[in-house]
Amino acid sequence: MAAVSTSRRSLAGIILAIAGALLLINAILGFAGVTALGAWPTTLAYLAIGVALLILAISSFRNTLARIALVVAAVGFLLLALGAVVALPSPVGTIALIAAAVGLLVAAIVLYVGKEITNLSAIAFIATAVIFAIIVFAPLLGLALGTFGSVLALLFALGVLITGIMFARVQGERGR
């Protein structure tokens with residue numbers, strides 16, 4: 001089993017749940033056509049995801065590849081949050097998106113395969129990573145998502161929220 005501090009994983013889970021709630025609010029407001037908040041909910045959510053992934057990366061997972069993937073994903077999300085506030089050069093935004101998607105997907109799979117996370121939290125984490133990868137890579141490959149993109153954004157928000165809740169619940173229930 002993992003050599004991760006359950007309090008750190010719980011903290012990361014709480015931060016992920018907050019990020020998921022922000023993304024969910026933004027998705028629901030987008031469906032309603034409300035744009036008064038602008039990009040701030042997404043920016044704050046990406047900042048929170050980046051911080052949560054950094055906490056997970058330094059919280060003593062035994063797998064070095066998972067740690068590296070978590071750091072890569074965290075840097076990607078932090079750059080995405082920074083890019084919403086400060087204009088970054090165009091290739092930096094694309095590289096940040098790819099780093100966030102690939103890092104998240106690799107980390108989720110490696111943590112599951114290495115038995116660092118198990119069962120429901122692993123399924124939620126992998127599904128969330130796959131959804132984010134589809135959101136990122138479809139436009140890069142020239143595929144227009146249209147309304148399906150909005151549905152995927154909603155599913156990603158729910159995935160981050162559920163993953164956060166699952167990680168936060170690890171405190172007392174190690175095997176879940």
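Nothing here was measured: the structure is a model prediction, and the numbers come from that model.

Procedures and definitions
Residues numbered from 1 in each chain as written. Predicted model: local features only at pLDDT ≥ 70, side-chain atom pairs only at ≥ 80, totals over all residues. Heavy atoms only, no water. Axes fitted to C-alpha atoms, helices over the stretch in contact; angles between N-to-C directions. Helix = DSSP H or I, 4+ residues; strand = E, 2+ residues; numbered from the N terminus. Left-handed = near helix turned anticlockwise from the far one by under 90°. Contact = heavy atoms within 4.5 Å. Nonpolar A, V, L, I, M, F, W, Y, C, P; charged D, E, K, R; others polar. Core = buried A, V, L, I, M, F, W, Y, C linked by side-chain atoms within 4.5 Å. Buried < 20%, exposed > 50% of the residue type's maximum accessible area, 1.4 Å probe, protein only. Phe/Tyr/Trp six-rings, centres within 6.5 Å; stacked < 30°, edge-to-face > 60°. Lys NZ or Arg CZ within 6 Å of the ring centre and 35° of its normal. Patch = residues over 30% accessible without salt bridge, like charges linked within 9 Å, V, L, I, M, F, W, Y side chains within 5 Å. Areas by Shrake-Rupley, 256 points an atom, 1.4 Å probe, with all protein chains shown as cover. Salt bridge = Lys/Arg side-chain N within 4 Å of Asp/Glu carboxyl O. Expected span 1.5 Å × (residues − 1). Parallel < 35°, antiparallel > 145°, perpendicular 65-115°, else oblique.

S.K.: Looking at this structure, I do not really get the packing of helix 3 (residues 64-85) against helix 4 (residues 90-113). What am I missing?
M.R.: Think of two packed helices as two axes; the pair is described by the angle between the axes and how far apart they sit. Where helix 3 meets helix 4, the closest approach of the two axes is 7 Å, and the angle between their N-to-C directions is 150 degrees. Two packed elements cross with a definite hand, and for helix 3 against helix 4 that hand is left-handed. Side by side, helix 3 and helix 4 meet where Leu-65, Ala-66, Ala-69, Leu-70, Val-72, Ala-73, Gly-76, Phe-77, Leu-79 and Leu-80 of the first sit next to Val-92, Gly-93, Ala-96, Leu-97, Ala-99, Ala-100, Gly-103, Leu-104, Val-106, Ala-107, Val-110 and Leu-111 of the second. Class assignment for the residues of the contact of helix 3 with helix 4 results in 19 nonpolar, three polar and no charged.

S.K.: What is the right way to look at the nonpolar core in this model?
M.R.: Counting 46 residues, the largest nonpolar core has Ile-49, Leu-53, Leu-70, Phe-77, Phe-125 and Phe-132 as its most contacted members. Those elements giving two or more residues to this core turn out to be helix 1 (6-32), helix 2 (40-57), helix 3, helix 4, helix 5 (119-140) and helix 6 (147-169). For this core, the element with the most residues is helix 2, which contributes nine residues. Sequence-distant contacts of Phe-125, that is, excluding residues within four places in its chain, are made with Leu-53, Leu-70, Leu-104, Ala-107, Ala-108, Leu-111, Ile-117, Thr-163 and Phe-167.

S.K.: Would you take a moment to explain the packing of aromatic side chains for this structure?
M.R.: Applying the stated criterion across every chain yields a total of four aromatic pairs. Taking 5.5 Å as the distance between ring centres and 70 degrees as the angle between the ring planes, the aromatic pair formed by Phe-125 and Phe-167 counts as edge-to-face. Here Phe-167 lies in helix 6 and Phe-125 lies in helix 5, a separation of 42 residues in the sequence. Among the aromatic side chains, those forming a connected cluster through ring pairs are Tyr-46, Phe-77, Phe-132 and Phe-156. Lying over the aromatic face of Tyr-112, Lys-115 brings its terminal NZ or CZ to 5.8 Å of the ring centre.

S.K.: Would you explain a nonpolar patch on the surface in this entry?
M.R.: A grouping of Phe-31, Val-130, Ile-134, Phe-148, Val-151, Leu-155, Leu-158 and Ile-162 is seen on the molecular surface, where their side chains present a nonpolar patch of about 650 Å² in accessible area. Broken down by element, the nonpolar patch gets its largest block of residues, five residues, from helix 6. Turning to its location among the elements, Ile-162 is positioned in helix 6.

S.K.: Is there a simple way to explain helix 2 in this structure?
M.R.: Between its first and last C-alpha, helix 2 extends 25 Å over 18 residues, near the 26 Å set by a 1.5 Å rise per residue. Taken across its 18 residues, helix 2 has 13 buried, putting it largely inside the fold.

S.K.: It is not clear to me how helix 6 should be interpreted in this structure. Could you clarify?
M.R.: Owing to its 3.6 residues per turn, the α-helix brings residues three or four apart onto one side. Over its 23 residues, helix 6 runs 33 Å from end to end, which matches the ideal 33 Å to within 8%, given 1.5 Å per residue. Three or more residues of helix 6 are buried, namely Gly-149, Leu-152, Phe-156, Ala-157, Gly-159, Val-160, Leu-161, Thr-163, Gly-164, Met-166 and Phe-167.

S.K.: Even after reading the chapter, I still don't get the packing of helix 4 against helix 5, so can you show me in this structure?
M.R.: Two elements in contact, helix 4 and helix 5, have axes separated by 9 Å at closest approach and are oriented at 155 degrees. If you check the angle between helix 4 and helix 5, you find them roughly antiparallel. Seen from above, helix 4 lies across helix 5 with left-handed handedness. Split by residue class, the contact of helix 4 with helix 5 holds 22 nonpolar, one polar and no charged.

S.K.: Teacher, can you tell me more about the environment of Ala-48 here?
M.R.: Summarising the element assignment, Ala-48 is placed in helix 2. Taking the C-alpha atoms as reference points, Ala-48 and Leu-78, separated by 30 residues in sequence, lie 8.4 Å from one another. Beyond its immediate chain neighbours, meaning those up to four positions away, Ala-48 contacts Ile-15 and Ala-19.

S.K.: Teacher, can you tell me more about the side chain of Thr-43 here?
M.R.: Inspection of the secondary structure puts Thr-43 in helix 2. Judged by relative accessible area, which is 8%, Thr-43 ranks as buried. With near-sequence residues (within four places) excluded, Thr-43 lies in contact with Ala-81, Ala-84 and Val-85.

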